[in-house]
Amino acid sequence: MTDKTHDEALNIRKLMREAEAVSDEAMVACARLKQAMILARLRSDTEVDTGQRALMRLIHAEQQALSLSTNLLRVHDELSKVAREKMGSDGSLDTPIEAHAIATDIRASVAS
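(A) Main features of the side chain of Ser69. Along the chain, Ser69 falls in helix α2 (residues 52-87). Setting aside residues no more than four positions away along its own chain, Ser69 makes contact with Ser23, Asp24 and Met27.

Here it is, written out as structure tokens:
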């Protein structure tokens, strides 16, 4: 492998990790927001259904963030396959990803 190819692979690995971290940060931010919204409702004299539509929309956004994370794992898995195929199996750029983490059938993924 040439130095240029190795440098490009290292850059892709860095950017992949950044994308995965941003995805995780989005999920954490959504979880914190949901917690704050629910606690605000509990701690105030508001009706039990106050903010329910906003919570439903936030949960939908969380599901989309999780889908983004899963798809990024799939990208990562594909890139690892390319690295093994094109650059050999020295292991320095390879990231093993468990099949259940990128499963399309959630029931099968959760059951394992």
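(B) A look at a nonpolar patch on the surface. Among the surface-exposed residues, Ile12, Val75 and Leu79 lie close enough to one another that they form a single nonpolar patch of about 220 Å² accessible area. In this fold, Val75 is placed in helix α2.

(C) Region of interest: helix α1 (residues 3-43). Across its 41 residues, α1 extends 59 Å between first and last C-alpha, which sits within 8% of the 60 Å expected from 1.5 Å per residue. For α1, the set of buried residues is Ala9, Met16, Glu20, Ser23, Cys30 and Arg41. In this structure, the buried side of α1 is in contact with α2.

Here is what the cut-offs are and how they apply
Along each chain, the written sequence defines residue order, and numbers are assigned to residues from 1. Local features in this predicted model are restricted to residues whose pLDDT is 70 or higher, and side-chain atom pairs enter the listing and the counts only when it is 80 or higher, whereas totals over whole chains, interfaces and linings include all residues. Hydrogens and water molecules were not included; the side-chain quantities draw on all heavy atoms of the structure. A helix here means a DSSP run of H or I that spans at least four residues, while a strand means a run of E at least two residues long, and both kinds are numbered starting from the N terminus. Note on definitions: a residue-residue contact is assigned when non-hydrogen atoms from the two residues lie within 4.5 Å. Excluding any residue in a salt bridge, patches collect residues exceeding 30% relative accessible area, merging like charges within 9 Å and nonpolar Val, Leu, Ile, Met, Phe, Trp and Tyr side chains within 5 Å. Per-residue accessibility takes into account occlusion by the displayed protein chains alone, with areas from the Shrake-Rupley method and a 1.4 Å probe. Here, a salt bridge means any side-chain nitrogen of Lys or Arg that lies within 4 Å of a carboxyl oxygen of Asp or Glu. A helix's residues, less one, multiplied by 1.5 Å, set its expected span. Working definition: with a 1.4 Å probe on protein chains only, accessible area under 20% of the residue-type maximum means buried, over 50% means exposed, and in between means partly exposed.

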